[in-house]
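Understanding the architecture of this molecule
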Amino acid sequence: MKRREFIALIGSAVTVPFVRTRVAGAQEPGRIYRFGVITGAPRPAPRNLALFDELKGAGFVEGQNLKVVADGFGLRDDQFAEVAATLAISAPDVRRQ
C-alpha cells in the first residue's frame, strides 16, 4: 500500500465515525467545531467537495457551526509533516488526512 493510499484510508476512518457520531447525537447549540484537513488535493477537488457535502448533510455548515483549518489543502509531499505538526498543536475537533 502506498503512503497516500494509507493516509486516505486513515483519514476516511477518522472522518466517517465523526460524522456518524454527530448525526446520531445532538450537537451542542452555539458550538463551532474545528475541522483540520491534510491533503495533496486542492480545496475544490471532487473528493473534498463531496466531503463538505456530507458534512453539510450531517448539519455541519462552514461559517455557521464549522470552521475549517484551511492550510492543509493542496500540499506537496515535503509540506505534510510541517502542516500536520501545526494542525496537531491547533487541536481541532477532527483531523482528516
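Notes on the structure in this doc start here. (Residues numbered from 1 in each chain as written. Predicted model: local features only at pLDDT ≥ 70, side-chain atom pairs only at ≥ 80, totals over all residues. Heavy atoms only, no water.)

Quick notes on the overall build of the protein chain
Along the protein chain, the regular secondary structure elements total three helices and three strands. Each helix and strand of the protein chain, ordered N terminal to C terminal, gives the series α-β-α-β-α-β. In the protein chain, once contacts between residues fewer than 6 apart in sequence are set aside, the share between residues at least 24 apart is 76%. Put simply, the protein chain shows about 6,000 Å² of open surface, and 58% of that area lies on carbon and sulfur atoms. (Helix = DSSP H or I, 4+ residues; strand = E, 2+ residues; numbered from the N terminus. Contact = heavy atoms within 4.5 Å. Areas by Shrake-Rupley, 256 points an atom, 1.4 Å probe, with all protein chains shown as cover.)

Some points on helix 3 (residues 80-90)
Three or four residues apart is the spacing at which side chains of an α-helix point the same way, because the helix has 3.6 residues per turn. For helix 3, the complete set of buried residues consists of Phe80, Val83 and Leu87. Along the axis of helix 3, the buried residues cluster in a sector spanning 75°; they form a single face. Of the exposed residues in helix 3, those oriented more than 90 degrees away from the buried face are Ala81, Glu82 and Ile89. Two residues or fewer after helix 3 comes alanine 91, characterised by a positive phi angle close to 50°. (Buried < 20%, exposed > 50% of the residue type's maximum accessible area, 1.4 Å probe, protein only. Arc of directions from axis to C-beta.)

A word on the nonpolar core
By size, the foremost hydrophobic cluster in this structure holds 11 residues: Tyr33, Phe35, Val37, Leu51, Phe52, Leu55, Ala58, Phe60, Leu66, Val68 and Phe73. For this core, the secondary structure elements donating two or more residues are strand 1 (33-37), helix 2 (46-57) and strand 2 (66-69). Beyond its immediate stretch of four places on either side in the chain, valine 68 contacts Phe35, Arg43, Phe52, Glu62 and Phe73. Counting residues in each nonpolar core, the second largest holds six residues, with Val69, Leu75, Phe80 and Leu87 among its members. (Core = buried A, V, L, I, M, F, W, Y, C linked by side-chain atoms within 4.5 Å.)

What about the environment of leucine 49?
Mapped onto the secondary structure, leucine 49 falls in helix 2. Not counting the four nearest positions on each side in its chain, leucine 49 is found in contact with Arg43 and Pro44.

Overview of the pairing of strand 2
On any regular strand, side chains alternate: one points to one face of the sheet, the next to the other face. Pairing of strand 1 with strand 2, which is carried by four bridges, proceeds in the parallel orientation. When the bridges of strand 2 are listed, phenylalanine 35 appears paired with valine 68. Where the polypeptide runs from strand 1 across helix 2 and back to strand 2, its parallel neighbour, the crossover connection is right-handed. (Pairing = 2+ DSSP bridges. Right-handed = clockwise from strand over helix to strand, strands pointing away.)

Remember that the coordinates give geometry; whether it matters functionally is a separate question.
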